[in-house]
Amino acid sequence: MHMIRRVLSFRISNPILSGLYYSFFWMMLGALVLSLLLWSSGLREENLSRYVYVVHAIAAILGGLVAGKRSGKRGWYHGGITGIIYGLLIMIIGFLALDSHLRAGDLALLTTVFASAAIGGMFGVNLKNNL
């Protein structure tokens, strides 16, 4: 049984890539929750931007937490790099999929995800390895 568990599981050893993986997972889960909230309530799409920033900040915190935990040192650095790459990928996806241009909100997004992921990385370094 132990051998089967080892074969079926995989682990990304690079802290930044693993942080990005977890950030995008939590972002997709947050987008699903926001979609269900939009569908089931009277919330309008115009009022959704504030919640989108919250979802991105939570995803960046959790990605930075994983990056800091996997790195074991310089958590703010690994978390911050994870946040910057996450924010840039979100902006690139928005540019390619929606043909959007750069706005002041994009700088706010980059600042938010950098700070959130760096804080998550600082906490992640101090987590025990048995979590």
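Residues numbered from 1 in each chain as written. Predicted model: local features only at pLDDT ≥ 70, side-chain atom pairs only at ≥ 80, totals over all residues. Heavy atoms only, no water.

A. Structural view of the layout of surface pockets. Computed from the structure, the largest pocket encloses a volume of approximately 740 Å³. Taken together, 27 residues form the lining of the largest pocket, with Val 52, His 56, Ile 90, Gly 94 and Leu 98 sitting closest to its centre. Elements with a contribution of two residues or more to the lining of the largest pocket: α2 (15-40), α3 (49-71), α4 (75-98) and α5 (104-125). Each residue belonging to the lining of the largest pocket can be placed in one class, and the counts come to 16 nonpolar, 7 polar and 4 charged. (1 Å grid on protein atoms, 1.4 Å probe; cavity = no way out; pocket = protein on both sides within 12 Å on 5 of 7 lines; lining within 4 Å. Points joined across faces, edges and corners; volume = space filled by probe spheres on them. Helix = DSSP H or I, 4+ residues; strand = E, 2+ residues; numbered from the N terminus. Nonpolar A, V, L, I, M, F, W, Y, C, P; charged D, E, K, R; others polar.)

B. A look at the packing of α3 against α5. Where α3 meets α5, the axes come as close as 6 Å, and the angle between the chain directions of the two elements is 35°. Two packed elements cross with a definite hand, and for α3 against α5 that hand is right-handed. Within the contact between the two elements, α3 uses Tyr 53, His 56, Ala 57, Ala 60, Ile 61, Gly 64, Leu 65, Gly 68, Lys 69 and Ser 71 and α5 uses Gly 105, Ala 108, Leu 109, Thr 112, Val 113, Ser 116, Ala 117, Gly 120, Gly 121, Phe 123, Gly 124 and Val 125. In terms of residue class, the contact of α3 with α5 is built from 11 nonpolar, 10 polar and 1 charged. (Axes fitted to C-alpha atoms, helices over the stretch in contact; angles between N-to-C directions. Left-handed = near helix turned anticlockwise from the far one by under 90°. Contact = heavy atoms within 4.5 Å.)

C. The arrangement of a nonpolar patch on the surface in detail. On the surface, Phe 25, Trp 26, Met 28, Leu 29, Leu 32, Leu 36 and Trp 39 cluster together into a nonpolar patch covering about 780 Å² of accessible area. Inspection of the secondary structure assignment puts Leu 32 in helix α2. The class of Leu 32 is partly exposed, set by a relative accessible area of 49%. (Patch = residues over 30% accessible without salt bridge, like charges linked within 9 Å, V, L, I, M, F, W, Y side chains within 5 Å. Areas by Shrake-Rupley, 256 points an atom, 1.4 Å probe, with all protein chains shown as cover. Salt bridge = Lys/Arg side-chain N within 4 Å of Asp/Glu carboxyl O. Buried < 20%, exposed > 50% of the residue type's maximum accessible area, 1.4 Å probe, protein only.)

D. Seen up close, the pattern of salt bridges. One pass over the structure, following the stated rule, counts 1 salt bridge. For Arg 103, the salt bridge identified is with Asp 106, shortest N-O distance 3.7 Å. By relative accessible area, which is 51% here, Arg 103 ends up exposed. Judged by its relative accessible area of 11%, Asp 106 is buried.

E. Layout of the nonpolar core. Formed by 13 residues in total, the largest nonpolar core has its most connected members in Leu 20, Phe 24, Met 27, Tyr 86, Ile 90, Leu 109 and Val 113. Broken down by secondary-structure element, the contributors of at least two residues to this core are α2, α3, α4 and α5. Beyond its immediate sequence surroundings of up to four residues, Ile 90 is in contact with Phe 24, Met 27, His 56 and Leu 109. (Core = buried A, V, L, I, M, F, W, Y, C linked by side-chain atoms within 4.5 Å.)

F. Geometry of the packing of α4 against α5. Remark: α4 packs on α5, axes separated minimally by 7 Å, with the N-to-C direction vectors making an angle of 150°. In terms of orientation, α4 and α5 fall into the roughly antiparallel class. Viewed along their axes, α4 and α5 form a crossing whose handedness is right-handed. The residues of α5 that touch α4, namely those facing Gly 75, Trp 76, Gly 79, Gly 80, Gly 83, Ile 84, Tyr 86, Gly 87, Leu 88, Ile 90 and Met 91, are Asp 106, Leu 109, Leu 110, Val 113, Phe 114, Ala 117, Ala 118, Gly 121, Met 122 and Val 125. Residues of the contact of α4 with α5, tallied by class, amount to 14 nonpolar, 6 polar and 1 charged. (Parallel < 35°, antiparallel > 145°, perpendicular 65-115°, else oblique.)

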